[in-house]
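Given next are the chains, with one letter for each unit.
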Amino acid sequence: MNISLSRWGKRVGALTAAAAAAMVTVLSPTPAQAEPDYDQIGRQFSLVLQNAHFSRMRFNNELNKEFLNCFLQNLDPQHFIFSQEDVDRLAEKYGENFGDYLLTNKTTVLSQELYGLYLQRSLEYLSAMETMVRDLRDGKMQLDFETDRSIPRSRRKLPRAANQAELRRVWQDQLHDMVLSEVIRRDNITRLAQEQGKPDPYAKELSIYDKILARLKRQRTELEESDLEDMVSSVLNAVATVYDPHSSYMGARDEQLFKDQIKASIVGIGAQLRADDDGSTSIQGIVKGGPAAKSGKLSLGDRIVAIDRNNDGNWTDIMFMSIDKVVDLIRGQKGTVVGLRVLSESGAEERVVTVVRDEIPMSEDLASARIVDMKVPGADGEMKNYRLGILTLPSFYVDIEGDSVHCASDVKKLLRRMNQEGVQGIVMDLRFNGGGSLDEVRKMVGFFTGAGPVVQVKDSRGQVRREAVSSRPVFNGELIVLTNKMSASASEIFAGAMADYGRAVIVGDESTFGKGTVQVPRNLAEFLPYFSSHEGAGMIKVTTHQFYRVNGDSTQRRGVRSDIVVPQNSASLQYSEADMDYALPFDSIKRASGYVKSERLASILPELQKRSGARVAADKDMQYTQENIDRSRKRVEENLVTLNRAKRVQENADLLARKKEIDAECKDRYAVMAQQDAQNLTIRRLNLSDVNAATLPPYQDGEDKEFMEKADDPEADLSKGPEYPSGLDPVLRESLNILRDMVDLR
């Protein structure tokens, strides 16, 4: 069985979920038929979930109640749509028999009834909001901006409104906040434009009320275009989430997205899209060398208004359509042609453009490296030279449908070139790495430890197996694993193994995300009866195992703790495994036999912590980051936002004044740092395309983003602060300093 871990994914129904999972290669597809048989899909999904899930829980009355609660929370996380009266009525009808609908081939009925009520209530909400906005625009309604009232910043954990009348008061408060936020945002941007002598970005923009109406119209269109796949997905995902937050159902659209994400490439036209307020979809980025760029027919700022998916004359109007479905229309088989109706940014006459789809490697998601030559004055005044490496891995990617993409082989190429270059130590940057292939991470651990166990995996029967590697190490120099709160799953396996072997120092937030479970995606078509439709059956991704470090500890809920904690903005995120509903508990097992922990790093760790602590305490950027963390945590804890304009203006003025103060200080200091870096740092690029180059090219700050040409963002440019020197953010720079200390203390 080819088990792999996936990274973050999308969950249908206004819920963004962490999809860090293990998977198997799917069986060959069954013959396509007309439409998905969602009744059979729901039944087989339920049977597979009960029989294969790590918990082996069977459907019962208590679970049925949670299925309904989870469905409502997934679709209405901020409690704007359903009142408590709605919840009570639904609980009376479905609260104890939710799962029975799925098992008795009534998935379609259940999905249409539940999602139908969601659509009805959502459209009522949108209609009420639209009416209030028009009344405000036309002077028939006024908002009191002198009130002393405050409202919750987030309603997620608050009780629902008792009835529709209370909900309408909630909607009024929400609209009050929307208008006030937009007023203050525009005032801030206009003021910044005046101060910097730049054009006001709002000169040609819709009025505040018309802009809000346009956003509401897009929400309405997205709701009205919901199809049966959306409805069924919302129901089946609610059931899966109650088992644990990483089990899920993927319909045909999400299945393809999942496969593209895990292999770090897609088939499309190579354009980054944005939903605009006028209802069109604008081109905000064009991949260099991609199909759109090669065609020469599309430009940044162009607005797409219709798509001919098969280039056969059947056009689909995409005005106000959701970005997900626009992307789905544009993507297709490699070598096929898609037609686009396009308006230029200047508003010239509509034109028709055809582009041949092709595979587009997402180069920003592939392994890459830099080599940093650093000169630092020693205690005797003489300059000491260090050659250090940075290896950035956004995910543990792999092509599950072919054999052309493997991050382990990519990393091995980079490590071998680093060896040739005489690199003394490496920072492995796994920040925001949500996971990936278990097999790839297993191989990668061996690159640094050599032969031995890597991770332990326990199934639902309590049986434990060891995943080991037998290769020789590729790199023997010093190693830092740089993580943050969003490093998850396979990242935690790697970091945990490096910590357990005493092979690396872990630097980052207090701990990583805390996902310690393994998911296996299965093609549901293989479970359907022969005579039912197998078209678009999708996949079930179910938690089947829990993994453990070789020291016996699970990473579940607790993650991997850092040896050296440095301030990062990710520390303020209220999002980790422990924060998620229905997360499985932490436990531990016996340590694995066959591994020996080196105590060398443990002996120098106190000195490393002392030196890093002194640098961090004196580092202005680290102080600013900690200030941001404290402010964000306080805001979340208070969970209040004022509806008083004067108070809100003052809050924003204080923040803006503080930002200007910090920017002014940073500008002068960064200029000095840049001069020092020019004298003491030489940074060379080591991408996968460079591994066989005679000499490595110099690294240019920002070149990692040059795979795509992007449209200007005047608003972002106005509030942009000074650039940190040399492309080394403060945390990465401090990691290099710790690495330098490790070389000294070796």
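- Identification of the protein chain as Carboxy terminal-processing peptidase from Candidatus Akkermansia intestinigallinarum is taken from an unreviewed UniProt entry.

### Observations regarding the packing of helix H5 (residues 107-137) against helix H7 (residues 208-224)
- In contact at an axis separation of 10 Å, H5 and H7 are set at 165° when each is read in the N-to-C sense. On the basis of their axis angle, the class for H5 and H7 is roughly antiparallel. Seen along the crossing, H5 lies across H7 with a hand that is left-handed.

### Description of the pattern of salt bridges
- Scanning all chains against the criterion turns up 62 salt bridges.
- Arg-220 is the salt-bridge partner of Glu-224, the closest N and O atoms lying 3.9 Å from each other. Separated by 4 residues within a single helix, Glu-224 and Arg-220 lie in helix H7, roughly one turn from each other.
- Here Arg-220 falls in the buried class, since its relative accessible area comes to 19%.
- Here Glu-723 and Lys-720 are joined by a salt bridge, their closest N and O atoms 3.1 Å apart.
- The class of Glu-723 is partly exposed, set by a relative accessible area of 49%.

### Points about the packing of helix H13 (residues 438-449) against helix H14 (residues 490-500)
- In the contact formed by H13 and H14, the axes pass within 10 Å of each other and the chain directions differ by 25°. Overall, the two elements H13 and H14 adopt an arrangement that is roughly parallel. Considering the relative orientation of H13 and H14, their crossing is right-handed. Here Leu-438, Val-441, Met-444, Val-445, Phe-448 and Thr-449 of H13 lie close against H14, whose contacting residues are Ala-490, Ile-493, Phe-494, Ala-497 and Met-498.
- Looking at side-chain class alone, the contact of H13 with H14 contains 10 nonpolar, 1 polar and no charged residues.

### Side note on the sheet that holds strand E16 (residues 383-392)
- If you walk across this open sheet you meet the 7 strands as E24-E21-E20-E17-E16-E15-E26, and the pairing is mixed. The open sheet has two free edges, formed respectively by strand E24 (564-565) and strand E26 (681-686), since each of these has just one partner strand.
- When strand E21 (residues 505-508) meets E24, the two strands line up parallel, connected through 2 bridges. What sits directly across from Gly-508, in E24, is Val-565.

Basis of the calculations
- Residues numbered from 1 in each chain as written.
- Predicted model: local features only at pLDDT ≥ 70, side-chain atom pairs only at ≥ 80, totals over all residues.
- Heavy atoms only, no water.
- Axes fitted to C-alpha atoms, helices over the stretch in contact; angles between N-to-C directions.
- Helix = DSSP H or I, 4+ residues; strand = E, 2+ residues; numbered from the N terminus.
- Parallel < 35°, antiparallel > 145°, perpendicular 65-115°, else oblique.
- Left-handed = near helix turned anticlockwise from the far one by under 90°.
- Salt bridge = Lys/Arg side-chain N within 4 Å of Asp/Glu carboxyl O.
- Buried < 20%, exposed > 50% of the residue type's maximum accessible area, 1.4 Å probe, protein only.
- Contact = heavy atoms within 4.5 Å.
- Nonpolar A, V, L, I, M, F, W, Y, C, P; charged D, E, K, R; others polar.
- Pairing = 2+ DSSP bridges.

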